[in-house]
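Single-letter residue listing:
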Protein chains: 2
Amino acid sequence: MTVPKAFFFDVFGTLVDWRTSIAREAEATLKPLGYALDWLAFADAWRGEYQSAMDEIRYKGRTFEKLDVLHRGNLEKILPRFKVSGVSEAQLRHLNLGWHRLDAWPDSAPGLTRLKRQSMVAPVSNGNISLMVALARRNGFPWDAILGSEIAHDFKPKPRVYLAACEALDLPPGECMMVAAHSSDLAQAAKNGLRTGHIARPNEHGPGKGEPAPTVPVDVAGANLVDLASKLGI
Amino acid sequence: MTVPKAFFFDVFGTLVDWRTSIAREAEATLKPLGYALDWLAFADAWRGEYQSAMDEIRYKGRTFEKLDVLHRGNLEKILPRFKVSGVSEAQLRHLNLGWHRLDAWPDSAPGLTRLKRQSMVAPVSNGNISLMVALARRNGFPWDAILGSEIAHDFKPKPRVYLAACEALDLPPGECMMVAAHSSDLAQAAKNGLRTGHIARPNEHGPGKGEPAPTVPVDVAGANLVDLASKLGI
C-alpha cells in the first residue's frame, strides 16, 4: 500500500484520553466548592450529551456553533443532575475549557511526529480550532493545519467534514487516510472515499470499554499510532 | 507592553522571498523549453496581477477562490506578454505550484519558533491552506493553525480576514498582533483593533525596493523577526 499524502485524525478518544482528563478537571473545579462526586461518572455524563447536541446542528437546522459552545450547554444540562449549583461564571468557563486541557495517550505525539516525516497530518475532529490548538500545544501534536468541523461548519459523520479536509489540502479522498479509534467514524470516512486506519483504545470509556479492534473493514489497524506507522512502513 | 496571546503573520514578502523564488521557479520550468527571459521581471509581472485578481472577489462579487486558482489565471495572463506559448498543462501546474516552493528569509523560522514559546502563531495570509502548509513544511514554520483567507472566504485587507482569525482563537483583536512588512496591511489590522508589528524587508521587490520601516504608527518595529521578538522581551 502506498503511503497516504495526508493523515486525518479523530482526536477525542483517539489521540487524547478525554475521560480521565475531564474527571480530573471536574474534581479540580468542584471539589474545592465542597462537592464529592463520582468524577468519572461526571465525565461520562458530560460526554454523554455530545452526540445529541451536535445532532441539533447536523440534522435539525440549528446554526453551526463551535464545540466549546455545545460543551457549555451540555455542562449546564448535567450540573443539576449531579445536584451542583452556585458555580460562578468564571468557574464554569474554566471547567468548560477543561476540554482544552486533555492529556494525550502516550503514543500520540511520537506517532504523529513519525507520520509527519512523510505525509501531512491534521485533525479532522468535531472540536473547534482553538480547542485543537490548545491540545496540540499541551501535548506536542505537530499539526500541519487544523481542519475539521470549524472549517466545514458541520460535524462528523456528515460527509462535508471529511471532504472539506481533503479539499483544503487539494487532495482526492483516496490519497487521504482517516485515523480513528471508532469504527463508525471510519465507516463514514470510507463511504466518502477516504482510506482508513484504526487504532485500538480499549479503555477509552473505562477499563475494557473501548474498541480493541475495528468492527468494519479498514485499510490498516494498529495497536496504537506508532504501531500503525510501522505497519505502513513509515 | 504585554505580550500578545497570538501573533498573526503576513507571509508573501514578510516571511518568504517570493520574488527570487518565483524567478528561480520560472527559469526551472521555462528555460528547458528554450526561453531566456528576465526571470525577475517575470516574477514581478506575475505578482503584479495579484491585487487586481483579488479585487474581483473583494469588491466585484466574484465567488471566493483559493489563491492558487487566482495565481493560475494570472500566469495565463502574463505568459503571452513574455511571448511564451506551448507550455503543457503539467508544466503550467508545476510552475503555478512554484508559489508552494518559496524560500523563507533566514530569520523567519527562528523568529516564529521563539514567539511560539509564549504565544500562538498563525499565518493570516491571502494564500490558501495547502499553500501555507507547503511553505511551512519547506521552511520549518511551526504554525499552531493555518488561518487567513480560506477561513474567512475573503482577502485582506477586508476586515473579515483579520477578525475571523481572532475569532478562530477565541481572542479579542486587542490580544492579537498582526506582523507584516507592509504598512498598508498593518494599517487595516489596526483599524480592526489588532496590535501591529512591522518587520523590515527593504529588498522585497528588488534591491532597495521594500519597506525599511513602517510608514504608519505601529506598536513595535523590528529589523527582522528575531529582532521583533527581542523588542517584545521574548
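See above for the structure.
Only a predicted model underlies this, so the values are computations on that prediction, with no experimental measurement involved.

### A word on helix H5 (residues 89-96) of chain B
All names here are of chain B. Every buried residue of H5 is accounted for by Leu92, Leu95 and Asn96. Down the axis of H5, the buried side of the element spans an arc of 100°, and every buried residue falls inside it. Looking at H5, the residues exposed on the side facing more than 90 degrees away from the buried face are Ala90 and Arg93. Tucked inside the fold, the buried residues of H5 contact helix H1 (18-30), helix H2 (39-48) and helix H4 (67-78).

### With respect to the relation of the copies chain B and chain A
By a simple turn and slide, chain B fits onto chain A: the slide is 0.0 Å along the axis, the RMSD is 0.0 Å, and the turn is 180°. What the rotation and shift describe, once combined, is the action of a two-fold rotation axis. Proximity to the rotation axis, assessed at the C-alpha, singles out Ala145(B) in chain B; its C-alpha lies 2.7 Å from the axis. Mapped onto chain A, 100% of the interface residues of chain B again fall at the interface, so both copies present the same surface.

### Some remarks on the pattern of salt bridges
For the coordinates displayed, the defined rule picks out 47 salt bridges over all chains. The closest approach of N and O atoms between Arg19(A) and Asp44(A), which form a salt bridge, is 2.8 Å. A residue pair is termed long-range when its members are at least 10 positions apart, and Arg19(A) in helix H1 (residues 18-30) and Asp44(A) in helix H2 (residues 39-48) qualify at 25 residues. For Lys116(B), the salt bridge goes to Asp144(B), with nearest N and O atoms at 3.7 Å. Placement of the pair is Lys116(B) in helix H6 (residues 108-118) and Asp144(B) in the loop between helix H7 (129-139) and strand E3 (147-148), with a sequence separation of 28 residues. Asp144(B) sits in the buried class, given a relative accessible area of 8%. Overlapping salt bridges, with partners in common, bring together Arg24(A), Glu25(A), Arg101(A), Asp103(A) and Arg138(A) in one network.

Criteria and thresholds
Residues numbered from 1 in each chain as written. Chains lettered and ligands numbered in written order. Predicted model: local features only at pLDDT ≥ 70, side-chain atom pairs only at ≥ 80, totals over all residues. Heavy atoms only, no water. Buried < 20%, exposed > 50% of the residue type's maximum accessible area, 1.4 Å probe, protein only. Helix = DSSP H or I, 4+ residues; strand = E, 2+ residues; numbered from the N terminus. Arc of directions from axis to C-beta. Contact = heavy atoms within 4.5 Å. Least-squares fit on C-alpha atoms with pLDDT ≥ 70 in both. Salt bridge = Lys/Arg side-chain N within 4 Å of Asp/Glu carboxyl O.

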